[in-house]
Amino acid sequence: MSDAPTGPWTTGRLVELDRPSDRLVRLRFDVENQVEHLPGQHYVLRLRAEDGYTAQRSYSVASEPADPLLELMVECLPGGEVSGFMHDVAEQGDIFELRGPIGGWFTWAGEVTAVCVGGGSGVVPLISMLRHARRIGATDRLRVVAVARTLEELPYAQELLEHGAFVALTRENRGDRIAHPPYPDEMAPLVAAAETAYVCGSVGFASFATRLLGEVGVRSSSIRVEQFGATG
Amino acid sequence: MPVTRGFGSGRRRGRPERLPPGQYDTGRDWPVLTAEAQPDLDPEHCTMTVDGLVDRPRTWSWRDLHALPGSSYFGDIHCVTTWSMIDTTFAGVSVDTLLELAAPKREAAYVMAHSTTGYTTNLPLADITGGKAWIAWEYDGRPLAAEHGGPLRLLVPHLYFWKSAKWVARLELMSDDRPGFWEQNGYHDRGDPWLEQRYQGDP
């Protein structure tokens with residue numbers, strides 16, 4: 001059995017909320033009886049109407065295990081029932097139903113050398129890994145590749161750049177790098193010593209990233225994928 | 001549990017009576033969720049095996065499967081990530097047909113579905129017999145796409161969709177239950193969407 005922790009339904013008070021861009025809302029919760037998570041795990045956030053109707057979605061955790069608060073970064077999807085509510089209606093002090101941590105597959109606790117490839121909001125669980133790596137002094141065992149259309153659209157762009165992630169923008173030039181998805185030549189040195197590869201992003205991104213990893217010699221059995229569809 | 005300030009049920013769409021608790025109607029969008037890299041399989045070379053606690057372990061080729069009496073499913077599917085799709089149509093062969101030919105032993109009570117990728121999921125035998133499960137190769141009248149588990153996918157629509165193993169290649173009958181891939185990783189052993197059996201520890 002997996003030794004990843006799991007937690008039951010509980011509640012969390014929204015104590016911090018900010019909007020780093022038009023489409024992103026960063027939420028920090030004080031969780032009742034919080035169970036410490038592993039980097040890469042997710043939580044379910046549930047909204048409840050007075051007539052008992054509920055809507056719930058899963059979100060990857062951005063905070064590191066040692067953080068006393070639980071941090072989620074929610075991308076606002078067109079017509080997204082939960083993401084739209086968190087973006088437009090949620091306020092500091094509101095109480096939410098939360099369940100987690102969940103998932104024992106897409107986790108990295110720092111023991112193995114890993115390469116992580118995130119697309120757009122798929123970088124969120126990698127932020128948890130990156131923060132954890134710094135905390136335990138394991139940054140040499142974690143390489144992060146972040147792919148986005150523009151820097152503005154990349155969640156945690158500054159944090160990723162400051163801490164050595166390779167950032168590939170596909171629609172915007174950055175420094176000497178012309179807008180393009182990551183090239184095999186750029187990936188090869190990053191995957192060199194990796195025992196496990198993590199891929200997180202949309203369906204299209206995940207299939208691109210797993211193909212790219214394959215091209216630079218990563219065995220498909222060592223790739224762990226976390227995909228999200230349009231689940232607003 | 002507390003009511004969420006400012007949240008109404010007005011956003012509910014589709015046919016609420018068809019949606020298990022906590023699910024929403026995804027319309028015709030079929031999200032793709034997998035834990036592993038998608039395999040590239042040639043239908044002509046894929047096979048389906050039923051073994052374990054059976055009197056006649058068998059392997060069917062793609063052609064053998066198509067020669068069996070066909071069977072289809074028209075109805076809803078539910079994913080644990082909270083989307084449901086209403087009125088889907090799948091075609092293939094009923095798992096009953098395969099089991100009839102393989103003849104399960106009396107002590108067989110559970111099944112492990114195995115995929116070509118190494119993915120596994122466990123089910124009580126009772127959940128895949130009696131017209132409740134299919135080996136499907138067609139969706140909406142077309143070959144089932146690789147991203148949705150084609151060429152062959154186990155279809156168990158009355159349970160959460162992770163039980164409907166993509167790229168299925170083998171059903172192993174067992175006397176005792178054993179957790180599969182997601183079940184070892186925190187998900188429920190049975191996964192009935194109407195009882196909201198999403199994770200280990202749910203009722």
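Residue indices follow the written sequence of each chain, beginning from 1 at its first position. As a convention, the first chain written is A and the first ligand written is 1, with the rest following in written order. Under the rules for a predicted model, residues below a pLDDT of 70 receive no local features and side-chain atom pairs below 80 are neither given nor counted, while totals for whole chains, interfaces and linings still include all residues.

J.: Teacher, can you tell me more about the overall build of chain B here?
T.: Under the scheme used here, helices are H or I runs from DSSP no shorter than 4 residues and strands are E runs no shorter than 2 residues, and both carry numbers assigned from the N terminus. Each helix and strand counted, chain B has 3 helices and 11 strands in total. Helices and strands appear in chain B in the N-to-C order β-β-β-α-β-β-α-β-β-β-β-β-β-α. In terms of C-alpha radius of gyration, chain B reaches 17 Å, essentially the compact-globule figure of 17 Å for 203 residues. The C-alpha extent of chain B, read off along each of the three principal axes, is 60 × 35 × 30 Å. Expressed as a percentage of its 203 residues, the buried residues of chain B come to 43%. Our radius of gyration looks at C-alpha atoms and nothing else; its globule reference is 2.2 Å times the residue count to the power 0.38. Any residue with 12 or fewer other C-beta atoms within 10 Å of its own C-beta is exposed, any with 20 or more is buried, and the rest are partly exposed; the C-beta atoms used are placed from the backbone.

J.: In this structure, what is going on with the sheet that holds strand β8 (residues 142-148) of chain A? I would like to understand it.
T.: Strand pairing in a sheet relies on backbone hydrogen bonds. The paired strands run either parallel or antiparallel. Residues and elements named next belong to chain A. Across the sheet, which stays open at both edges, the 5 strands sit in the order β9-β8-β7-β10-β11 with parallel pairing between neighbours. With one partner strand each, in any of the chains shown, β9 (166-169) and β11 (223-228) form the two edges of the open sheet. In this sheet, neighbouring strand axes are inclined to one another by 10° on average, regardless of whether the strands run parallel or antiparallel. Whether two strands pair depends on DSSP finding at least two bridges between them. Bridge count for strand β7 (residues 114-119) against strand β10 (residues 196-202) is 5 bridges, and the pairing is parallel. The partner of Val115 across the bridge, within β10, is Ala197. In this fold helix α2 (residues 124-136) packs onto β7, β8, β10 and β11, with an angle of close to 150° to the strand it touches most, β8. Only the stretch in contact is used when fitting a helix axis, every axis being a line fitted to C-alpha atoms; angles between N-to-C directions are given from 0 to 180 degrees. For the purpose of contact definition, each residue receives a C-beta atom placed from its backbone, and two residues are in contact when these atoms lie within 7 Å.

J.: Is there a simple way to explain the interface of chain A and chain B in this structure?
T.: By a widespread convention, an interface's size corresponds to the accessible area lost as its parts come together. At the interface, 39 residues of chain A touch 33 residues of chain B. Its residues assigned to classes, the side of chain A that touches chain B comprises 17 nonpolar, 14 polar and 8 charged. Classification convention: Asp, Glu, Lys, Arg as charged; Ala, Val, Leu, Ile, Met, Phe, Trp, Tyr, Cys, Pro as nonpolar; all other residues, Gly among them, as polar.

J.: Whenever I open this one, the sheet that holds strand β2 (residues 47-52) of chain B confuses me. Can you help?
T.: All names here are of chain B. Read across the sheet, 5 strands follow the order β3-β2-β11-β6-β7 without closing on themselves; strand pairing throughout is mixed. Each edge of the open sheet is held by one strand with a lone partner, namely β3 (58-61) and β7 (120-124). Neighbour-to-neighbour, the strand axes of this sheet turn through a mean angle of 15°, independent of strand direction. Where strand β6 (residues 110-115) lies against β7, 5 bridges are found, and the strand directions are antiparallel. Bridge pairing links Met112 to Asn122 in β7.

J.: Looking at this model, I keep getting lost on the pairing of β9 of chain A. Mind explaining?
T.: Taken residue by residue, a regular strand's side chains alternate between the two faces of the sheet. Residues and elements named next belong to chain A. In this structure, β8 lies alongside β9, joined through 4 bridges in parallel fashion. Within β9, the position partnered with Ala148 by the bridge is Leu169. Crossover handedness for the path β8 to helix α3 (residues 157-162) to β9: right-handed. The handedness of a crossover follows from its direction of travel: if, with the strands pointing away from the viewer, the path from the first strand over the helix to the second runs clockwise, the crossover is right-handed.

J.: Even after reading the chapter, I still don't get the environment of Ser72 of chain B, so can you show me in this structure?
T.: All names here are of chain B. Inspection of the secondary structure assignment puts Ser72 in strand β4 (residues 71-78). Once the C-alpha coordinates of Ser72 and Trp134 are considered, the two residues, 62 residues apart in sequence, prove to be 7.9 Å apart. For Ser72, the contacting residues outside a window of four places in its chain are Thr89, Phe90 and Ala91.

J.: Sorry if this is basic, but what is going on with helix α2 (residues 95-102) of chain B here?
T.: Each full turn of the α-helix corresponds to 3.6 residues, which orients residues three or four apart in the same direction. All names here are of chain B. Listing the buried residues of α2 in full gives Val95, Leu98, Leu99 and Ala102. Down the axis of α2, the buried side of the element spans an arc of 95°, and every buried residue falls inside it. Next to the buried residues of α2 lie β2, β3, β5 (83-94) and β8 (134-139). The positive-phi residue at the C-terminal boundary of α2 is Ala103, with phi of around 55°. This arc describes the spread of directions from the helix axis toward the C-beta atoms.

J.: Just to check I follow, could you spell out the domain arrangement of chain A for this structure?
T.: Residue and element names in this part refer to chain A. All domain edges in this entry derive from an automatic or database-based domain assignment. One can read the domain layout of chain A as domain 1 (9-102) and domain 2 (114-228). Using only C-alpha atoms to locate each centre, domain 1 and domain 2 end up separated by 24 Å. A per-class count over the side of domain 1 that touches domain 2 returns 7 nonpolar, 4 polar and 2 charged.

J.: Explain the nonpolar core here, please?
T.: Nonpolar side chains tend toward joint burial in soluble globular proteins. Residues of type Ala, Val, Leu, Ile, Met, Phe, Trp, Tyr and Cys that are buried and joined through C-beta atoms within 7 Å form what is called a nonpolar core. Membership of the largest hydrophobic core comes to 117 residues, with the highest contact counts inside it found for Cys116 and Val145 of chain A together with Ile135 of chain B. If near-sequence neighbours (up to four positions away) are discounted, Val145 of chain A is found in contact with Val115, Cys116, Val117, Ala165, Phe166, Ala168, Pro182 and Leu190 of chain A.

J.: Just checking my understanding: could you explain unusual backbone geometry for this structure?
T.: With the exception of glycine, most residues fall at negative phi, and the peptide bonds are largely trans. Looking along the chain, the bond that leaves Gly100 of chain A and enters Pro101 of chain A is cis, with omega of 0°. Within the secondary structure, Pro101 of chain A is located in strand β6 (residues 95-102). Each neighbour pair has its own omega, and for Gly150 of chain B with Pro151 of chain B the value is 5°, a cis peptide bond. Although it is not a glycine, Asp87 of chain B sits at a positive phi angle of roughly 55°.

J.: So what exactly am I meant to see when it comes to the pairing of β4 of chain B here?
T.: All names here are of chain B. Pairing analysis gives 7 bridges linking β4 to β5, with the strands arranged antiparallel. Looking across to β5, one finds that His78 is bridged to Ser84. Adjacent in sequence and paired antiparallel, β4 and β5 are bridged by 4 residues, among which Thr82 carries a positive phi angle near 90°.

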